[in-house]
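A closer look at the structure
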Amino acid sequence: MRLSRAERRLRKLASQHGTFDRKSSVRRAPHLTVSGHKVSWNRVRGVSTYVFVRKVPNQPAQYSVTRHTYATPPVVPNATVRYSVRTNVNRSSWAPEVSITYGPVTAKPPPSTTIPVPDPEPKPTPRAPAVNRTEAPVMSASGTKLSWNKVADVTTYVLSATAPGQTTQYTEVSGTSVTPAAVPGQTVQYSVRTAEDGSAWSLPVPIPWPAPQPTPAPPPPNSGPLPFQVGIVGGSAPAYELSYVSSEGAKTVRLEFQIGTSASSMESVMGSYAAKGIRVLPLAGFSGRVPTTAEAQNLGTWAKEFGPGGTYWAGKSEPPNTAVTDIEFGNETSYSYQFSDNSSSAQTSRATQYAQQFKTAVDSIRAANANVGLLAQGDFGNDGAAWMDNMFKAVPNFGSYVAGWTIHPYGPGWQSRMDALVSESAKNGAPNIPMWITEWGLATDNGRCLNDNYGFNKCMTYSDAASTLTSTVNSMASRYGSKLARFYIFQAHDRQASGSSSDREDYFGGLQSNGGTKGDYTTAVKSLLAK
């Protein structure tokens with residue numbers, strides 16, 4: 001895929017500083033233009049809704065969520081009104097403001113003095129007054145349920161939720177009631193309006209959410225070896241990550257390389273980790289697309305050079321257990337966030353192409369080094385069981401090529417997702433293929449509330465996170481045993497300094513961003529990595 005000059009510059013900068021985030025593009029500010037009384041902006045790839053702000057002098061800023069890339073706001077006579085827009089994504093950037101200066105309202109003509117002549121014909125029945133779809137609803141709360149009256153014939157509304165110290169969140173709602181997600185220990189102010197440009201917000205209604213319940217004590221830690229190995233996920237700058245990964249005592253690390261990367265350019269990274277006794281699980285990355293045949297075949301060169309007995313290890317003294325035994329084929333390819341077209345036909349096409357290129361890659365790997373396996377995307381993501389079904393339709397004996405199923409079952413609902421993977425693969429006739437959890441983790445900044453935590457407490461302390469991590473791993477070991485081959489903790493370190501962000505993605509680390517300890521959580525991570 002050809003990248004723009006700006007995107008190439010961004011990726012180069014990210015590779016130098018280890019801060020590249022493949023999802024950051026949806027946070028870029030759109031470009032605003034004005035034509036007459038109309039404000040327009042460009043569509044941001046991967047984004048379907050935008051937050052539009054209207055700033056009238058001496059009035060509070062008015063926010064709205066829209067699916068359009070334009071707006072024609074109401075006229076404010078004799079005033080200069082400022083406008084801006086951003087994507088409806090947390091922490092996205094606002095576009096530079098534009099303004100429209102409105103003139104005075106044109107005076108109406110004086111009333112006519114002509115005496116009306118009676119119409120000999122019957123007058124038509126007067127039309128009903130125009131429906132006002134932009135008036136403010138009246139909202140109320142009953143416990144944790146919010147309700148409001150229906151405005152005209154509107155069926156879709158926008159709900160805003162503002163918690164102390166956090167960015168206002170906007171949600172599109174169908175109908176006239178909703179029970180919002182709990183925000184333990186916070187009083188959240190809610191307001192609602194119709195999903196019409198320029199509509200008015202209702203008066204705010206508060207819901208005081210009760211404080212979070214104490215995390216139950218975890219089961220006794222597993223004192224013996226686990227039936228699966230625990231590793232850790234490194235960031236996008238492998239050389240920078242090595243000191244963090246090594247200090248945590250990891251014996252295996254998941255590192256991403258673009259699928260077309262040459263084996264020779266990977267040698268320094270593979271050698272530096274092997275020298276520390278760490279085996280690399282290479283993730284062959286191809287975000288937002290399916291790889292080409294040539295790229296799939298390139299994985300054979302990785303296996304030939306870095307697999308057990310590979311050419312890279314000849315004459316070197318690195319521990320033999322650091323050779324690559326498996327390669328991961330893509331990251332979350334079944335997830336909708338990577339693609340602009342998520343129709344049923346597009347998802348079917350992706351699953352089909354993925355399976356076909358997976359087979360191509362396996363054929364190349366087996367010809368180069370039969371001791372290296374390839375891991376397939378087993379996580380259904382947004383496609384449900386159709387993802388697995390369509391892979392087997394494309395390659396009927398697909399299971400015979402798969403060394404392991406990858407899955408990222410974040411949150412407390414991990415069991416249902418993993419059980420579904422086991423049952424769906426068996427339904428399609430796959431052999432007993434082990435699961436690889438190549439990402440699972442918890443966001444914690446020691447009790448400071450973050451914007452989300454995949455269903456867990458958003459205000460977890462380090463101690464709470466340590467207990468949850470330990471109990472989850474032990475529960476998985478008890479339920480799946482040898483059916484689970486690896487568990488990779490996401491990730492080696494925080495992306496931001498403590499207290500500098502409310503984004504959950506910044507605080508999944510086993511260590512702080514500066515390498516400092518996260519107390520009990522760091523202790524729990526190191527304990528699991530040592531097993």
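Structural data are supplied above this passage.
Residues numbered from 1 in each chain as written. Predicted model: local features only at pLDDT ≥ 70, side-chain atom pairs only at ≥ 80, totals over all residues. Heavy atoms only, no water.

A look at helix α8 (residues 462–480)
Helix length check: α8, at 19 residues, gives a terminal C-alpha distance of 27 Å against a target of 27 Å (1.5 Å per residue), a fit within 8%. Of all 19 residues making up α8, 14 are buried, and the element is well covered by its neighbours. Looking at the residues trailing α8, positive phi occurs at G481, about 50°. (Helix = DSSP H or I, 4+ residues; strand = E, 2+ residues; numbered from the N terminus. Expected span 1.5 Å × (residues − 1). Buried < 20%, exposed > 50% of the residue type's maximum accessible area, 1.4 Å probe, protein only.)

Description of the side chain of S84
Structurally, the position occupied by S84 is in strand β6 (residues 80–87). Setting aside residues up to four positions removed in sequence, S84 forms contacts with L32, V51, F52, V53, W94, A95 and E97. (Contact = heavy atoms within 4.5 Å.)

Details of the sheet that holds strand β14 (residues 205–208)
Read from one edge to the other, the open sheet built from four strands follows the order β11-β10-β13-β14, with strand pairing classed as antiparallel. The open sheet has two free edges, formed respectively by β11 (169–174) and β14, since each of these has just one partner strand. The mean inter-strand angle of the sheet, taken between neighbouring strand axes irrespective of direction, is 30°. Sheet topology note: the strand β10 (residues 156–162)/β11 ladder contains six bridges and is antiparallel. Looking at β11, one finds that Y157 is bridged to V173. (Pairing = 2+ DSSP bridges. Axes fitted to C-alpha atoms, helices over the stretch in contact; angles between N-to-C directions.)

Remarks on the state of the cysteines
Taken as a whole and judged by the stated rule, the model has one disulfide. One disulfide in the model links C449 with C459; its S-S distance is 2.0 Å. Disulfide C449 to C459: torsion about the S-S bond roughly 100°, handedness right-handed. On the criterion of sequence distance, the pair formed by C449 in the loop between β21 (435–440) and α8 and C459 in the loop between β21 and α8 is long-range, its members being 10 residues apart. Residue classification places C459 among the buried positions, given a relative accessible area of 14%. (Disulfide = S-S within 2.5 Å.)

Section: helix α5 (residues 344–368)
Between its first and last C-alpha, α5 extends 36 Å over 25 residues, near the 36 Å set by a 1.5 Å rise per residue. Among the residues of α5, those classed as buried are A346, Q347, R350, A351, Y354, A355, Q357, F358, A361, V362, S364 and I365. Where the residues of α5 are buried, they touch α4 (293–306), β18 (326–329), β19 (373–377) and α6 (386–394).

What about the nonpolar core?
One finds L299, F358, F398, W405, L469 and F487 to be the most contacted residues of the largest nonpolar core, which totals 83 residues. The element that contributes the greatest number of residues to this core is α8, accounting for eight residues. Once residues within four sequence positions are removed from consideration, L299 is found in contact with I259, A284, I327, F329, A361, I365 and L374. (Core = buried A, V, L, I, M, F, W, Y, C linked by side-chain atoms within 4.5 Å.)

Focus on the sheet that holds strand β5 (residues 70–71)
Adjacent strands of a sheet form backbone hydrogen bonds with each other and so pair up, either parallel or antiparallel. Spatially, three strands are ordered β1-β2-β5 in an open sheet, and the strand pairing comes out antiparallel. Unpaired on one side and paired on the other, β1 (32–35) and β5 mark the two borders of the sheet.

Observations concerning the side chain of E439
Here E439 shows up in strand β21. Polar contacts involving the side chain of E439 include one to the side chain of R254, which spans 2.9 Å. One polar contact links E439 to Y410, side chain to side chain, over a distance of 2.8 Å. Setting aside residues up to four positions removed in sequence, E439 forms contacts with V233, R254, N331, E332, I407, H408, P409, Y410, Y488 and F490. (Polar contact = N/O pair within 3.5 Å; in protein donor to acceptor, adjacent residues only side chain to side chain.)

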